[in-house]
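Architecture and fold: a report
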Amino acid sequence: MAGNPERRAALVDAGVEVLARQGARGLTFRAVDAEAGVPVGTASNYFTGRDDLLRQIDTRLHVRLAPDPEVIAELLTRPKDRSLVVSFMHDLMARATRDRTGYLALLEMRLEASRHPELRSSFTRTVRGDLDEAIGFHRDAGLPGGDEVVTVLYLAMLGLLLEHLTLPDVLKGVLPGVGVPDGLVERIAATIVPEK
């Protein structure tokens, strides 16, 4: 295994690009090498196999799509009410929209995990860990609603992100006068999250 961490990171990011653009079937070492602009055979020196590359992409995506600690700290200075939850959901939507490629790669990871039990197990742990962390964060921050509210909010936002990033025209005009995605984020929170 080659040990250049910068090269490994560049190859993983190239893998994210390939995964988002071509899907899991297009994710080959040769495609990653081409995307990264390195000689053919380079990726095979950095990853033990395709599953290793996918696991490292999973780890990288969670870093790329993670909230900015400074943004979170600023938001937590506000009153702990529904409007704060809306602000957190707007931040989530903005991060996914800014790194659309990363989020699409994450969706491709879900599809690939549904086909491969070994990846499913690893990816399930990662995604469940994210959900558990969101529930814990909600509790610790003193935000309105309990675990059920967070779980339903998670599911609603996952659906909104999926539609907005893959087939955005599906949502246009679905609720007259409600903007996509921002107005829908607010409607989701108003429907799910109690005021206090």
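Residues numbered from 1 in each chain as written. Predicted model: local features only at pLDDT ≥ 70, side-chain atom pairs only at ≥ 80, totals over all residues. Heavy atoms only, no water.

**Considerations on the pattern of salt bridges**
Should their charged atoms come close, side chains of opposite charge can pair. Spelled out, the test is: Any carboxyl oxygen of Asp or Glu that lies within 4 Å of a side-chain nitrogen of Lys or Arg is treated as forming a salt bridge with it. Starting at the N terminus, helices and strands are each numbered in turn, a helix being any DSSP run of H or I of at least four residues and a strand any DSSP run of E of at least two. Burial status follows relative accessibility: with a 1.4 Å probe on protein chains alone, a residue under 20% of its type maximum counts as buried, one over 50% as exposed, and anything between as partly exposed.
Counted according to the given criterion, the structure contains 12 salt bridges. As a salt-bridge pair, Arg82 and Glu195 come within 3.3 Å of each other at their nearest N and O atoms. Within this pair, whereas Arg82 is found in helix H5 (residues 82-98), its partner Glu195 is found in the segment after helix H9 (182-192), the two being separated by 113 residues in sequence. A residue is classified by how much of its surface remains accessible, and Arg82, at 21% relative accessible area, is partly exposed. Salt-bridge contacts for Asp91 lead to Arg95; the nearest nitrogen and oxygen are separated by 2.9 Å. Residue Asp91 and its partner Arg95 are both found in helix H5; the two are separated by 4 residues, about one turn of the helix. Arg95 gets classed as buried once you look at its relative accessible area, which sits at 13%. Look at the salt bridges and you will find they share partners, linking Asp13, Arg60, Arg64 and Asp99 into a network.

**Brief notes about the side chain of Asp33**
This is how it is decided: Polar contact criterion, stated in full: a pair of N or O atoms within 3.5 Å, where within protein one must be able to donate a hydrogen and the other to accept it, and residues adjacent in sequence count only if both atoms are side-chain atoms. Throughout, a residue-residue contact means that at least one pair of heavy atoms, one from each residue, lies within 4.5 Å.
With respect to the helices, strands and loops of the structure, Asp33 is situated in helix H2 (residues 29-36). In this structure the side chain of Asp33 is engaged in a polar contact, spanning 2.8 Å, whose partner is the backbone nitrogen of Ala43. In contact with Asp33, not counting residues within four places along its chain, are Leu11, Val38, Pro39, Val40, Gly41, Thr42 and Ala43.

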